[in-house]
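If you want the building blocks of each chain, they are given just below.
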Amino acid sequence: MLQSNLPEDSYLHKGRRAQLVQTLRDKGIRDERVLAAINAVPRHFFLDTAFQHIAYENRAFQILAQQTISHPFTVAYQTELLEIKKFDKVLEIGTGSAYQSCVLAELGAQVFTIERQRALYDHVGKFSYIRKYPSIKRFYGDGYAGLPSYAPFDKVIVTAGAPYVPDALTQQLKPGGILVIPVGDSSGQRMLRITKEIDHKLKADDLGAFDFVPMLEGKNK
Ligand code: SAH
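First, a word on scope: everything that follows refers to the structure included in this document. All values reported here derive from a predicted model rather than from experimental measurement.

Focus: the pattern of salt bridges
Point 1. Inspection of the entire model under this criterion finds nine salt bridges.
Point 2. A salt bridge links Asp-9 to Arg-17, with the shortest nitrogen-to-oxygen separation between them at 2.8 Å.
Point 3. Linking Lys-201 and Asp-199 is a salt bridge whose minimum nitrogen-to-oxygen distance equals 3.5 Å.
Point 4. Lys-201 gets classed as exposed once you look at its relative accessible area, which sits at 54%.
Point 5. Overall, the relative accessible area of 47% leaves Asp-199 in the partly exposed class.

A few points about the site of the ligand
Point 1. Taken together, 27 residues sit near the ligand, with Gly-94, Ser-97, Glu-115, Gly-143 and Leu-216 positioned nearest.
Point 2. Taking Gln-100, its main chain carries an N or O atom lying 3.0 Å from an oxygen atom of the ligand.
Point 3. When the ligand is considered free in solution it has 580 Å² of accessible area, and contact with the protein chains removes 99% of it.
Point 4. Counting only elements with at least two residues in the shell around the ligand, the list comes to strand 2 (68-69), strand 3 (89-93), helix 4 (99-106) and strand 4 (110-115).
Point 5. Among the residues making up the shell around the ligand, the classes are represented as eleven nonpolar, twelve polar and four charged.

With respect to helix 2 (residues 32-40)
Point 1. Residues Val-34, Leu-35, Ala-37 and Ile-38 constitute the buried set of helix 2. Angularly, the buried residues of helix 2 cover 160° about the axis, an arc narrow enough to put them on a single face.
Point 2. Looking at the buried positions of helix 2, the neighbouring elements they touch are helix 1 (11-26), helix 3 (72-82) and helix 4.
Point 3. N-cap assignment for helix 2: the residue whose side-chain oxygen lies 2.9 Å from the backbone N of Arg-33 is Asp-31.

A look at unusual backbone geometry
Point 1. For the peptide bond that leads from Ala-151 to Pro-152, omega is 0°, which places it in the cis range.
Point 2. Within the secondary structure, Pro-152 is located in the loop between strand 5 (136-140) and strand 6 (153-158).
Point 3. Despite not being glycine, Glu-83 has its phi angle at roughly 50°, a positive value.
Point 4. Checked against the element boundaries, Glu-83 lands in the loop between helix 3 and strand 3.
Point 5. Glu-83 sits in the partly exposed class, given a relative accessible area of 45%.
Point 6. A positive phi angle, close to 75°, is found at His-200, a residue other than glycine.
Point 7. Mapped onto the fold, His-200 is located in the loop between strand 8 (188-196) and strand 9 (202-210).

Quick notes on helix 5 (residues 118-125)
Point 1. Restricting attention to buried positions, one finds in helix 5 the residues Leu-120, Tyr-121 and Val-124. In a view along the axis of helix 5, the buried residues occupy a sector of 100°, so they form one face of it.
Point 2. Buried positions along helix 5 lie against strand 4 and strand 5.

Section: the sheet that holds strand 5
Point 1. Taken together, seven strands build an open sheet; the order of strands is 5-4-3-6-7-8-9 and the sheet is mixed. Two strands lie at the open edges of the sheet, namely strand 5 and strand 9, each paired on one side alone. The sheet shows a mean angle of 15° between the axes of neighbouring strands, direction not considered.
Point 2. Bridging between strand 7 (residues 173-185) and strand 8 involves eight bridges; their strand directions are antiparallel. Bridge pairing in strand 8 places Leu-179 opposite Ile-194.
Point 3. Helix 3 rests against strand 6, strand 7, strand 8 and strand 9 of the sheet, and its axis sits at about 150° to strand 7.
Point 4. Most of the contacts of helix 5 go to strand 5, to which it runs at about 150°, and overall it touches strand 4 and strand 5.

Some remarks on the nonpolar core
Point 1. Ile-38 and Phe-46 are the most contacted members of the largest nonpolar core, which has 48 residues in total.
Point 2. For this core, the elements supplying multiple residues, two or more each, are helix 1, helix 2, helix 3, helix 4, helix 5 and strand 7.
Point 3. Beyond its immediate sequence surroundings of up to four residues, Ile-38 is in contact with Arg-17, Leu-20, Val-21, Leu-24, Val-75, Ala-76, Tyr-99 and Val-103.
Point 4. Counting 20 residues, the second-largest nonpolar core is a separate cluster that includes Ile-93, Val-158, Leu-173 and Leu-179.

Rules behind the numbers
Residues numbered from 1 in each chain as written. Predicted model: local features only at pLDDT ≥ 70, side-chain atom pairs only at ≥ 80, totals over all residues. Heavy atoms only, no water. Salt bridge = Lys/Arg side-chain N within 4 Å of Asp/Glu carboxyl O. Buried < 20%, exposed > 50% of the residue type's maximum accessible area, 1.4 Å probe, protein only. Near = heavy atom within 4 Å. Polar contact = N/O pair within 3.5 Å; in protein donor to acceptor, adjacent residues only side chain to side chain. Areas by Shrake-Rupley, 256 points an atom, 1.4 Å probe, with all protein chains shown as cover. Helix = DSSP H or I, 4+ residues; strand = E, 2+ residues; numbered from the N terminus. Nonpolar A, V, L, I, M, F, W, Y, C, P; charged D, E, K, R; others polar. Arc of directions from axis to C-beta. Contact = heavy atoms within 4.5 Å. Pairing = 2+ DSSP bridges. Axes fitted to C-alpha atoms, helices over the stretch in contact; angles between N-to-C directions. Core = buried A, V, L, I, M, F, W, Y, C linked by side-chain atoms within 4.5 Å.

Shown next, in the form of structure tokens:
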């Protein structure tokens, strides 16, 4: 799991990361800033030492508490859909390993990330790499409620499969803001990009099929 004593970021890791970036480009990721952020964040730091040698394959991995770190393609795709600008206030539901949070922070976002699993929340607190990004603020709580005291947000990203679009998340989005959320059930979700127009109307685009762990209600001790 997340490592407090970080391994080396060797030439081998850097080379594999560069190959992963090329794979993501080949699969359709166009935003070079997103690709540069993936290239900058050592994904192998976020995985158990047993997975180090395969950390740069385009696949999901088990982390703690039956949760997963998403496919690099999914991370890159959701990030691209958010059209992150420097200093954007971004709410993330599902901190997990904090890999996605670090990619967002690398792009200059101010990240507010919520995790409902206490074990994961505590683990990320011991993960030294995250201190590189003081712009990431972590919260232990239920993402269905969002973070009303820090709202509104320029962007919202949900990294777990939601059965529906929670009202709190659209309410906490600024006019002109973007919410990216996979909506569906355990058999799969559709990636929705919801934009809030200036008159507060919501417009949704369906961007295809994905497969996430479920967004669950309430906190888990
Ligand atoms: N963004 C993560 C992916 C984590 S997987 C990463 O980069 O590693 C999804 C995460 O969402 C899990 O850690 C799960 O515990 C969390 N989650 C599920 N439902 C949630 C909720 N209601 N509020 C906050 N986190 C939630």
